[in-house]
Amino acid sequence: MSIAQDIIGTHFRYPDYFLVDREKVREFARSVKDDHPAHYDEDAAAECGQAALIASLTFVAVAGRRVQNEIFNQFDVPINMERVLHRDQKLVFHRPIVVGDKLWFDSYLDSVIESHGAIIAEVRAEVTDDDGSPILTSIVTLFGESTNTDEHDEVTAQIAAGRDAAMKRMIAGQTKSGA
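All values reported here derive from a predicted model rather than from experimental measurement. Counting starts from 1 at the beginning of each chain's written sequence and moves along it residue by residue. Where totals are concerned, whole chains, interfaces and linings use all residues; where local detail is concerned, this predicted model gives features only for residues with pLDDT of at least 70, and gives and counts side-chain atom pairs only at 80 or more. With hydrogens and water set aside, each side-chain value is computed from the structure's full complement of heavy atoms.

## Details of the overall build of the protein chain
Of regular secondary structure, the protein chain possesses five helices and six strands. Of the regular secondary structure in the protein chain, the N- to C-terminal order runs α-β-β-α-α-α-β-β-β-β-α. Each of the 179 residues in the protein chain was classed as buried or not, and the buried ones make up 37%. For the protein chain, long-range pairs separated by at least 24 residues make up 69% of all intrachain contacts whose partners lie at least 6 apart in sequence. The protein chains shown are the only cover counted for residues, whose accessible areas, like all others here, come from Shrake-Rupley with a 1.4 Å probe. As presented, the protein chain carries roughly 10700 Å² of accessible surface, and 52% of it is formed by carbon and sulfur atoms. To qualify as a helix, a DSSP run of H or I must reach at least 4 residues; to qualify as a strand, a run of E must reach at least 2; elements of each kind are numbered from the N terminus. Exposure categories follow from relative accessible area, calculated using a 1.4 Å probe and restricted to protein chains: below 20% of the type maximum is buried, above 50% is exposed, and the middle band is partly exposed. In what follows, a contact means two residues having at least one pair of non-hydrogen atoms within 4.5 Å.

Shown next as structure tokens:
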């Protein structure tokens, strides 16, 4: 069953913003062992041209995870979120994330492939500040198990039939050569 035509291009705006907090920036930087002084000291951030602490490059993951949990409910992608692999992610920065930013997430389902009991989905998030100015673009590709069990059963039956046929050929070949 192909779902792609019905849902590709779907847009979801997360209904709340994520406020970038000074201590969260420091805490995140410590947790990822990012010791750049601009994450801890306002004077160091000012030397980098920013008026507030600068978040580590992957800081968006804090808010992004909250948004990602909601995205698949909104997009109605039949994927088992308990069995998902984060295949890859691309981040394009338009400017640094700094303390005081209100991050807004607009997510777009750019691609969905459903085949053989698996789903591959590409989600693009456009993250903006409170004024609507771009901060970053995130493109995530996820690979997971489909929740459409009809296809699972069909694929499993095809694999089993192929296995059984191969076993019969192998046994037949051994019987002929051993005779």
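## Describing the environment of Asp-131
Positionally, Asp-131 belongs in the loop between strand 5 (118–128) and strand 6 (134–146). Its relative accessible area of 72% is what places Asp-131 among the exposed residues. Taking C-alpha positions, Asp-131 is 9.0 Å from Lys-102, a pair spaced 29 residues apart along the chain.

## Considerations on the confidence of the model for the protein chain
With 89% of its residues at a pLDDT of 70 or more, the protein chain shows a mean pLDDT of 87. Within the protein chain, no element has a lower average pLDDT than helix 1 (residues 4–7), which sits at 67, and none a higher one than helix 3 (residues 42–47), at 98. pLDDT is a residue-level measure of predictor confidence that goes from 0 to 100.

## With respect to the pairing of strand 5
One ladder, built from eleven bridges, connects strand 4 (residues 102–115) with strand 5; its direction is antiparallel. Its bridge partner being in strand 5, Tyr-108 is matched across the sheet by Arg-124. Any two strands with at least two DSSP-identified bridges between them are counted as paired. From the end of strand 4 to the start of strand 5, which pair antiparallel, there are two residues, and His-116 there has a positive phi angle of about 55 degrees. One ladder, built from eleven bridges, connects strand 5 with strand 6; its direction is antiparallel. Of the residues in strand 6, the one forming a bridge with Ala-121 is Leu-142. Count of turn residues in the strand 5/strand 6 antiparallel hairpin: five residues, of which Gly-132 carries a positive phi of about 90 degrees.

## Thoughts on the nonpolar core
Throughout this description, the term nonpolar core refers to a set of buried Ala, Val, Leu, Ile, Met, Phe, Trp, Tyr and Cys residues connected via side-chain atoms within 4.5 Å. Among the nonpolar cores identified, the biggest contains 32 residues, and Phe-59, Phe-72, Val-77, Ile-97, Leu-103, Phe-105 and Leu-109 are the most heavily contacted of them. When residues of this core are traced back to their parent elements, those giving at least two are helix 2 (22–31), helix 4 (60–75), strand 4, strand 5 and strand 6. Broken down by element, the residue count for this core peaks at six residues, all from helix 4. Ala-45, Ala-52, Ile-54 and Val-98 belong to the second-largest nonpolar core, a separate cluster that totals five residues.

## Regarding the packing of aromatic side chains
Pairing of aromatic side chains requires ring centres within 6.5 Å, counting the rings of Phe and Tyr and the six-membered ring of Trp. Pairs whose planes differ by under 30 degrees are stacked, by over 60 edge-to-face, and all others tilted. The final tally for this structure, using the stated rule, is four aromatic pairs. Considering the side-chain rings of Tyr-17 and Trp-104, the 5.4 Å spacing of their centres and the 55 degrees angle between planes classify their relative orientation as tilted. With Tyr-17 in the loop between strand 1 (11–13) and strand 2 (18–19) and Trp-104 in strand 4, this pair connects stretches of sequence that are 87 residues apart. Between Phe-28 and Phe-59, the ring centres sit 5.5 Å apart and the planes meet at 90 degrees, which makes this aromatic pair edge-to-face. Linking Phe-28 in helix 2 with Phe-59 in the loop between helix 3 and helix 4, this pair joins segments that are 31 residues apart in sequence. Both residues of the pair, Phe-28 and Phe-59, count as buried. Three or more aromatic residues link up through ring pairs in this structure, and these residues are Phe-18, Phe-28 and Phe-59. Directly above the aromatic system of Tyr-17 lies the positively charged group of Lys-102, at a separation of 4.7 Å from the ring centroid. Here, a charge over a ring means that NZ of Lys or CZ of Arg falls within 6 Å of the ring centre while also lying within 35 degrees of the ring normal.

## Here we look at the pairing of strand 6
Looking at chain direction, strand 3 (residues 79–93) and strand 6 are connected through ten bridges and run antiparallel. Residue pairing across strands places Val-92 opposite Thr-137, the latter belonging to strand 6.

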